[in-house]
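Spelled out from the first residue to the last, the chains are:
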Amino acid sequence: MLFEPQTAEVRPLLRALDEFVREELLPLERPFLDHDFDTLLPALAAKRQLAKSLGFWLPQIPAEHGGMGLSLFEHGLVSEVLGRTILGHYTLNCQAPDAGNMEILIEYGTPAQQERFLRLLLDGDIRSCFSMTEPENAGSNPTWLSTTATKDGDDYVIDGHKWFTTGGDGAAFAIVMAVTDAAAPKHQRASMIIVPTDTPGFQIVQNTSVMGERGQGWASHAEIRYDGCRVPQSNRLGAEGMGFVIAQQRLGPGRIHHCMRWIGICQRAFDLMCRQAALREIAPGRPLAEMGQVQTWVAESRAEIDAARLLVLQTAQQIDRDGAHAARDSISLIKFHVAKVLQDVLDRAIQVHGAMGMTDETPLAFWYRHERAARIYDGPDEVHKRAVARRILGRYA
Ligand SMILES: Cc1cc2nc3c(=O)[nH]c(=O)nc-3n(C[C@H](O)[C@H](O)[C@H](O)COP(=O)(O)OP(=O)(O)OC[C@H]3O[C@@H](n4cnc5c(N)ncnc54)[C@H](O)[C@@H]3O)c2cc1C
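Residues numbered from 1 in each chain as written. Predicted model: local features only at pLDDT ≥ 70, side-chain atom pairs only at ≥ 80, totals over all residues.

1. A look at the overall build of the protein
Point 1. Secondary structure summary: the protein contains 12 helices and 11 strands in total.
Point 2. A globule of 397 residues ought to have a C-alpha radius of gyration of about 21 Å, and the protein, at 21 Å, matches this closely.
Point 3. Taken over 397 residues, the protein has a buried fraction of 42%. (Helix = DSSP H or I, 4+ residues; strand = E, 2+ residues; numbered from the N terminus. Rg over C-alpha atoms; globule rule 2.2 N^0.38 Å. Buried ≥ 20, exposed ≤ 12 C-beta atoms within 10 Å, placed from the backbone.)

2. With respect to the site of the ligand
Point 1. Looking at the ligand, there are 20 residues lining it, with M132, A138, G139, S140 and E382 nearest.
Point 2. Mapped onto the shell around the ligand, the elements with two or more residues apiece are β1 (128-131), β3 (155-166) and α12 (381-394).
Point 3. Per-class residue counts for the shell around the ligand are 11 nonpolar, 7 polar and 2 charged.
Point 4. Taken domain by domain, the shell around the ligand gets at least three of its residues from each of domain 2 (128-237) and domain 3 (245-394). (Near = placed C-beta within 6 Å. Nonpolar A, V, L, I, M, F, W, Y, C, P; charged D, E, K, R; others polar. Domains from an automatic or database assignment.)

3. Points about the environment of A308
Point 1. For A308, the position within the fold is in helix α9 (residues 292-322).
Point 2. Separated by 45 residues in sequence, A308 and I263 place their C-alpha atoms 7.6 Å apart.
Point 3. In contact with A308, other than residues within four places in its own chain, are I263, H337, V338 and V341. (Contact = placed C-beta atoms within 7 Å.)

4. With respect to helix α4 (residues 72-83)
Point 1. For α4, with 12 residues, the first-to-last C-alpha span of 16 Å sits near the 16 Å given by 1.5 Å per residue.
Point 2. Across the 12 residues of α4, 12 count as buried, placing the element largely inside the fold. (Expected span 1.5 Å × (residues − 1).)

5. Quick notes on the domain arrangement of the protein
Point 1. Split by domain assignment, the protein resolves into domain 1 (4-101), domain 2 (128-237) and domain 3 (245-394).
Point 2. Counting residues at the interface gives 10 residues for domain 1 and 12 residues for domain 2.
Point 3. Counting only elements with at least two residues in the side of domain 1 that touches domain 2, the list comes to α3 (37-53) and α6 (98-108).
Point 4. For the side of domain 1 that touches domain 2, the residue count by class is 4 nonpolar, 4 polar and 2 charged.

Structure, rendered in structure tokens:
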């Protein structure tokens, strides 16, 4: 086990979760891969109840809010175990985008907002979504938005067009990023506003097709129109103009969650690749594992996964100790580095499986389709590379 002394306390939990994932969740993967999330929901709800009863619930949330009270480092380790299956995070109620929304509601929500929106989210009774990116504007420039929230009496009236609002289909509310003061300095123009999805004017145009799949419910990405959506100003999170600051805060720990989840995916892909290499014979008595190229892929993947895990855990420790701002270089480094490792490991695992790698016999093809986006969401690779390189170079100027 890496980071031996630091992981001692959570090791029994990790073992128990590993067993839970193998026995309870892996059998549900195949129905999920058969593309009908809604049909799977009752079975998943039962697994969520079971997880809750075992104390496996909200690993990312402090104990005073009903969570497991783990450090970010410890949650990272949990996230890796859960990441080995497509359904792990959802089952423990630590899935994106709800996890990030819970965090900002805890940090910035008023008692009334927490009572109405956070409690049900923590209990797993509702889902939420985060609606920032717009088709018309470059999402990698988060200060450039066309969606507006105009004050009218005690209300905001929201007009705009969003897409890639993950889990918008079936969510009870959206946290919408909208311009509240176009004349303000660019980092203070927007605010985050809670919009219940039954608000008149909230309209899901479609679940956007991603690599050929529209998905359903949590496993989908909605295109949404906000057409004169009227909500009370008391639905704003934090002070007016704080949207950008809150968004940045939302992303710091979230990147640890994602990166460790990706490492969990890598580990599963690695296991599948090695098993296939050992069992698949290209001629009687000659397994794929004897091929030099396959051996190279195995060795490279092992090194890349282990190195990536060390880098992410080190970053998580830094955030736990010094805060996300102090760790921002490392956060950028892990975001693009682990996304690349993920893509490479998945690609090799599929190649070793041959045609079967393209089917839904394994989760590899699903991950290959959907996790290509790892290099785009939460900041495209190029944005992180540019930001971190400029900061590093600045120290040499
Ligand atoms: C699967 C998935 C889920 C998502 N979920 C959500 C969600 O729940 N809520 C939400 O609001 N959004 C979500 N997004 C949107 C995501 O945050 C944006 O896609 C991302 O911010 C990039 O914005 P864009 O797609 O508009 O790309 P653009 O901003 O148009 O960028 C296109 C490309 O330009 C390059 N580029 C951009 N800026 C720079 C730069 N400064 N230097 C060099 N190159 C650059 C990069 O290669 C980038 O990929 C999701 C996206 C995906 C794919």
